[in-house]
Amino acid sequence: MTKQILSALILFSIITASAFAQEVYSPDKNVQLHFSLNTEGVPVYQMSFKNKVVIESSRLGFKIKEDGQDLNDAFSIISSETSSFDETWKPIWGEESMIRNNYNELVITLNQNRTQRVMAIRFRVFNDGVGFRYEFPEQPNLGHFVIEKELTQFAMTNDHTAFWIPGDYDTQEYDYVESRLSEIRGLMASAITSNLSQTSFSPTGVQTSLLLKTDDGLYINLHEAALIDYSAMHLELDDKNYIFNAWLTPDVQGDGPYMIAPSVTPWRTVIVSDDAKDILASRMTYNLNEPCKIEDTSWIKPIKYVGVWWEMITGKSSWAYTDDLKAVKLGITDYTKTKPNGKHGANTPHVKELIDFASEHGFDGVLVEGWNIGWEDWFGNSKDYVFDFMTPYPDFDLIGIKNYAKEKGVEMIMHHETSASVRNYERHLDQAYQFMKDHGYNSVKSGYVGDILPRGENHYSQWMVNHYQYALEKAADYKIMVNAHEAVRPTGISRTYPNLISNESARGTEYQAFGGSKANHVTVLPFTRLIGGPMDYTPGIFEMDISKLNPDNESHVNSTIANQLALYVTMYSPLQMAADLPENYNRFLDAFQFIKDVGLDWEKSVYLEAEPGSYITIARKEKGTEKWFVGNVNGKQDRISEITLDFLDKGKKYIATIYSDGDDANYKTNPQSYKIKELKVTSKSKIKLKSVEGGGYAISIVQIK
Ligand code: NOJ
Ligand code: CA
């Protein structure tokens, strides 16, 4: 836009205070973004896809704390600039080896007339959706400020179907509820009590990443990208008008994020398509993050691992060394003088067995939880105890295990349960990371179970978001990969810091041992939680009857063995666990073969079938080989899946090994029924298979040379 037109526009808006409007289209013209300032100077946007409205007229802005000068109206346009961007980048690991980042951008710079404060809104319009963020340039009239409320709206056109979890500030470990928007209020109480956790901030408060489906066939995902130095965004639904209002996780005092100009907010994202498969294929969230900031990334590698873990989760063994919960205090009591409980998982001979198993079956790593002192005191709820992340229990021979693992060509994976004592973790962090490096550990699973100590912060407030980022960036300094559990859900940050190798931040397999999860849970997660980054879902459970491991645990894993295999393909993560016990794998070595074979890092991914809550089928080609792996997870009733292998190279011949549900498989009553067959296939082959509810299939395809 020329300067003359711009000043004419400013004049126009000042004189008449009437609307300014501008449109931007995606490169393929399917997505349209419309920005305007209304007659009160309120910034407003609208969005459509193939001429169907996705977001109705929705306002933008902020309520500022203790200022009375909310950044929400009386704006005029300083400038409006458009540009285009098209670049292809190479992720360090991912669902494909090259990612195209192609968008048209609109930056509107606004001046608030009564305060002379400047705020810009940057929109990026991609073929798969829109991202926008607020920017506060350096300026005389805006320095420090506290956001009381972000006024961003996402106005829906109708009473869509949503896949949602309650707006909890501390956990995402919920089963998803599928309902109409108008039903959320009525279902909220039961959604909350079905979980071990806290409460929602409102009877219509839900979390992102949120998946919506419209009656006219659109799939919409609402989330955020690049959540840095800000509070995580939840959504509160105005269920009379079907408008989602941004709801920022407050800090312990009830405040939103503390800002200092110059600064920017995270991107608010709306991914849209009329084909559910495109939501899974979207890379918009990564594209809205900064390029990799780690120079030497040679130490960042995908890992397939086993661990001393499921046995504790099921209650078969324990993290703690003794049952005398109050007997031991760090530096006060010598553990060798306490009575061992006889079921401590992380004991040297047992860990060595795991190392042997990992080495025999070609796994990269072994995770050991409960290796370090302090679990008794934590379980005993003592507030005066904190972990030190460096002192092993007397029956865990740290050096001996390090040497043994090295001999066997297996990597040890560190575990840091912070017990949510975040300042304690921060004060130990340098030493703890150095300790890892000194003992040959290159990756850490960290955890934040419980209420945040010492300030009672929320898990998703700005202070905590900054902590996770601090721990991640410091880990990069030490060349350590991080797999954080109970941390804030990811927002594509692993583009910038690919040492964030995975996260939990959703209801993982552990809940199958805490009473069970919905059989279709894994057909929702890729549309919601996985939009922001990979999940350490810890699949691979073969013994679904948990009482076989621990007679006191009646839980049942709501899944078939074939479904468990498929998860290695459908739940993308460069960090994948084979979570069950070696004794259970030894009973089904033919099925276990798939877990051993399946790739971790991908050249390309082809999304073959998808419907949230119902089914997902994905084919992926392993990076650096000619092998393909296919996974199908099935959520609701029995279903016939039909796929064509046209993703294979034309003219080449392959052997496909198919692991599918047995004819009599049933996720409740007969989950271990599966069949395996080998077939010669080409790009012309079609495969038709029945998957049961909670079932699925997995296929490995190897080229015949
Ligand atoms: C919860 C984590 O999700 C789980 O994987 C871990 O074993 C426990 N916390 C103990 O740290
Ligand atoms: Ca957890």
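For the structure, check the block above.
Residues numbered from 1 in each chain as written. Chains lettered and ligands numbered in written order. Predicted model: local features only at pLDDT ≥ 70, side-chain atom pairs only at ≥ 80, totals over all residues. Heavy atoms only, no water.

Undergrad: Looking at this structure, how should I read the pattern of salt bridges?
TA: Any two side chains of opposite charge can pair if their charged atoms end up close together. Overall, the coordinates contain 37 salt bridges when judged by the stated rule. With a closest N to O distance of 3.0 Å, Lys-474 and Asp-430 form a salt bridge. On the criterion of sequence distance, the pair formed by Lys-474 in helix 10 (residues 462-477) and Asp-430 in helix 9 (residues 422-438) is long-range, its members being 44 residues apart. Residue classification places Lys-474 among the buried residues on the basis of a relative accessible area of 14%. On the basis of relative accessibility, which here comes to 34%, the residue Asp-430 falls in the partly exposed class. Linked through salt bridges whose partners overlap, the residues forming this network are Glu-105, Arg-122, Arg-124, Arg-133 and Glu-135. (Salt bridge = Lys/Arg side-chain N within 4 Å of Asp/Glu carboxyl O. Helix = DSSP H or I, 4+ residues; strand = E, 2+ residues; numbered from the N terminus. Buried < 20%, exposed > 50% of the residue type's maximum accessible area, 1.4 Å probe, protein only.)

Undergrad: Sorry if this is basic, but what is going on with the coordination of the calcium ion (ligand 2) here?
TA: Ideal donor angles around a metal are set by the shape: a four-donor tetrahedron calls for 109.5 degrees, a six-donor octahedron for 90 or 180 degrees. Coordination of the calcium ion (ligand 2) by the protein is provided by Glu-173 (OE), Glu-486 (OE), Glu-504 (OE), Glu-504 (OE) and Glu-510 (OE), with metal-donor distances spanning 2.3 to 2.5 Å. Viewed at the metal, the six donor atoms of the calcium ion (ligand 2) are separated by angles of 53 to 164°, and the geometry they form is irregular. Of note, the calcium ion (ligand 2) draws all its donor residues from one chain, in the sequence arrangement E-x312-E-x17-E-x5-E. Of this pair, Glu-486 sits in the loop between strand 26 (481-485) and strand 27 (500-503) while Glu-504 sits in the loop between strand 27 and helix 11 (561-570); the two residues are 18 residues apart in sequence, bridging distant segments of the chain. Taking relative accessible area as the criterion, Glu-486 reaches 13% and is therefore assigned buried. (Donors = N, O, S within 2.8 Å, 3.2 Å for Na, K, Ca; no water. Tetrahedral: all angles 85-135°; square planar, octahedral: opposite > 155°, others 65-115°.)

Undergrad: Sorry if this is basic, but what is going on with the environment of Ala-191 here?
TA: With respect to the secondary-structure elements, Ala-191 resides in helix 2 (residues 184-193). Judged by relative accessible area, Ala-191 falls into the buried class, the value being 7%. Between the C-alpha atoms of Ala-191 and Pro-551, which are 360 residues apart in sequence, the distance is 29 Å. Not counting residues within four places of it along the chain, the set of residues in contact with Ala-191 comprises Trp-164, Pro-166, Tyr-174 and Val-177. (Contact = heavy atoms within 4.5 Å.)

Undergrad: What is the right way to read the site of ligand 1 from this model?
TA: Neighbouring ligand 1 are 13 residues, the closest being Trp-309, Glu-369, Glu-417, Lys-445 and Glu-504. Interatomic distance of 2.6 Å between a side-chain N/O atom of Glu-417 and an oxygen atom of ligand 1. Coverage of ligand 1 by the protein amounts to 93% of the 300 Å² it exposes when considered alone. Split into classes, the residues belonging to the shell around ligand 1 amount to five nonpolar, two polar and six charged. (Near = heavy atom within 4 Å. Polar contact = N/O pair within 3.5 Å; in protein donor to acceptor, adjacent residues only side chain to side chain. Areas by Shrake-Rupley, 256 points an atom, 1.4 Å probe, with all protein chains shown as cover. Nonpolar A, V, L, I, M, F, W, Y, C, P; charged D, E, K, R; others polar.)

Undergrad: Would you mind going over the sheet that holds strand 5 (residues 62-64) with me for this structure?
TA: In space, the three strands of this open sheet follow the order 5-10-19, with antiparallel pairing throughout. Among the strands making up the open sheet, the edge pair consists of strand 5 and strand 19 (258-260). The average angle at which neighbouring strand axes cross in this sheet is 50°, direction not considered. Of the strand pairs in this sheet, strand 5 and strand 10 (residues 144-150) are connected by three bridges, and their pairing is antiparallel. Bridging across to strand 10, Ile-64 finds its partner in Ile-147. (Pairing = 2+ DSSP bridges. Axes fitted to C-alpha atoms, helices over the stretch in contact; angles between N-to-C directions.)

Undergrad: It is not clear to me how unusual backbone geometry should be interpreted in this structure. Could you clarify?
TA: Residues other than glycine predominantly adopt negative phi, and peptide bonds predominantly adopt the trans conformation. Cis geometry marks the peptide bond from Thr-208 to Ser-209, where omega comes out at 10°. Here Ser-209 shows up in the loop between strand 14 (205-207) and strand 15 (210-213). Here the bond from Leu-453 into Pro-454 is cis, since omega is 5°, no more than 30 degrees from zero. Here Pro-454 lies in the loop between strand 25 (443-447) and helix 10.

Undergrad: Can you help me understand the sheet that holds strand 26 in this one?
TA: Sheets are built from strands paired through backbone hydrogen bonds, the pairs being either parallel or antiparallel. The parallel open sheet is built from seven strands, whose spatial order is 27-26-25-24-23-22-28. Two strands lie at the open edges of the sheet, namely strand 27 and strand 28 (575-577), each paired on one side alone. Between one strand axis and the next, the sheet turns through 25° on average, direction left out of account. Pairing between strand 23 (residues 365-368) and strand 24 (residues 411-417): three bridges, direction parallel. The residue of strand 24 that forms the bridge with Gly-365 is Glu-411. In the packing of helix 9 onto the sheet, contacts are made with strand 24, strand 25 and strand 26, and the angle to strand 24 comes to roughly 170°.

Undergrad: Any chance you could explain the nonpolar core here in plain terms?
TA: For soluble globular proteins, the rule of thumb is that nonpolar side chains tend to be buried together. Ranked by size, the top nonpolar core spans 201 residues in total, and within it Phe-123, Phe-136, Phe-154, Leu-222, Phe-244, Trp-310 and Tyr-433 carry the most contacts. Once residues lying within four places of it in the same chain are set aside, the contact partners of Leu-222 are Ile-55, Phe-154, Met-156, Thr-208, Ser-209, Leu-210, Leu-212, Leu-235, Phe-244, Thr-269 and Val-270. Judged by nonpolar contacts, the second largest core, of 17 residues, contains Trp-628, Leu-645, Phe-647 and Ile-701. (Core = buried A, V, L, I, M, F, W, Y, C linked by side-chain atoms within 4.5 Å.)

Undergrad: Mind showing me how you'd approach the side chain of Thr-214 here?
TA: Here Thr-214 is to be found in the loop between strand 15 and strand 16 (219-225). Residue classification places Thr-214 among the buried residues on the basis of a relative accessible area of 6%. Once residues within four sequence positions are removed from consideration, Thr-214 is found in contact with His-160 and Ile-220.

Undergrad: When you look at the environment of Gly-624 in this model, what are you seeing that I'm missing?
TA: Its place among the elements puts Gly-624 in the loop between strand 30 (615-622) and strand 31 (628-634). Along the backbone, Gly-624 and Tyr-697 are 73 residues apart, and their C-alpha atoms lie at a distance of 24 Å.

Undergrad: Which parts of the structure should I look at to understand the environment of Thr-285?
TA: Residue placement: Thr-285 occurs in helix 4 (residues 284-287). Between the C-alpha atom of Thr-285 and that of Ile-616, which follows or precedes it by 331 residues, the distance is 20 Å. Beyond its immediate stretch of four places on either side in the chain, Thr-285 contacts Glu-224, Ala-225, Ile-271, Thr-491, Gly-492, Ile-531 and Gly-532.

Undergrad: Sorry if this is basic, but what is going on with empty space enclosed by the protein here?
TA: Rolled over the atoms, a probe as big as a water molecule pinpoints where empty space is left. The tally for this structure, following the rule as stated, stands at five cavities of 30 Å³ or more. The computed volume of the largest cavity comes to approximately 240 Å³. Taken together, 21 residues line the largest cavity, and the ones lying closest to its centre are Tyr-468, Gln-469, Leu-472, Leu-500 and Asn-503. Of all the secondary-structure elements, those providing two or more residues to the lining of the largest cavity are helix 9, strand 25, helix 10, strand 26 and strand 27. Per element, the largest residue contribution to the lining of the largest cavity is five residues, and it comes from helix 10. Across the lining of the largest cavity, the residue classes break down as 16 nonpolar, four polar and one charged. The volume enclosed by the second largest cavity comes to roughly 180 Å³. (1 Å grid on protein atoms, 1.4 Å probe; cavity = no way out; pocket = protein on both sides within 12 Å on 5 of 7 lines; lining within 4 Å. Points joined across faces, edges and corners; volume = space filled by probe spheres on them.)

Undergrad: Quick question: what am I supposed to make of helix 10 here?
TA: At 3.6 residues per turn, the α-helix brings residues three or four places apart onto the same side. Across its 16 residues, helix 10 extends 22 Å between first and last C-alpha, which sits within 8% of the 22 Å expected from 1.5 Å per residue. Residues of helix 10 that are buried: Gln-462, Met-464, Val-465, His-467, Tyr-468, Gln-469, Ala-471, Leu-472, Lys-474, Ala-475 and Ala-476. Lys-479 sits one or two positions beyond helix 10 and adopts a positive phi of about 60°. (Expected span 1.5 Å × (residues − 1).)

Undergrad: Help me understand the packing of aromatic side chains, please; the structure alone is not making it clear to me.
TA: Two numbers describe a pair of aromatic rings. These are the distance of the centres and the angle of the planes. For the structure shown, the criterion picks out 42 aromatic pairs. When the ring of Phe-363 is compared with that of Phe-592, the centres are 5.9 Å apart and the planes differ by 20°; the resulting orientation is stacked. Of the two residues, Phe-363 sits in the loop between helix 6 (348-361) and strand 23 while Phe-592 sits in helix 13 (residues 589-597), which places them 229 residues apart along the sequence. Residue classification places Phe-363 among the buried positions, given a relative accessible area of 4%. The rings of Phe-20, Phe-35, Tyr-45, Phe-62, Phe-123, Phe-132, Tyr-134, Phe-136, Phe-145 and Phe-154 are connected pair by pair, giving a single aromatic cluster. Positioned above the aromatic ring of Tyr-404, the side-chain terminus of Lys-352 is 5.1 Å from the ring centre. Over the aromatic face of Trp-89 sits the side chain of Arg-495, whose NZ or CZ is 3.9 Å from the ring centroid. (Phe/Tyr/Trp six-rings, centres within 6.5 Å; stacked < 30°, edge-to-face > 60°. Lys NZ or Arg CZ within 6 Å of the ring centre and 35° of its normal.)

Remember that the coordinates give geometry; whether it matters functionally is a separate question.
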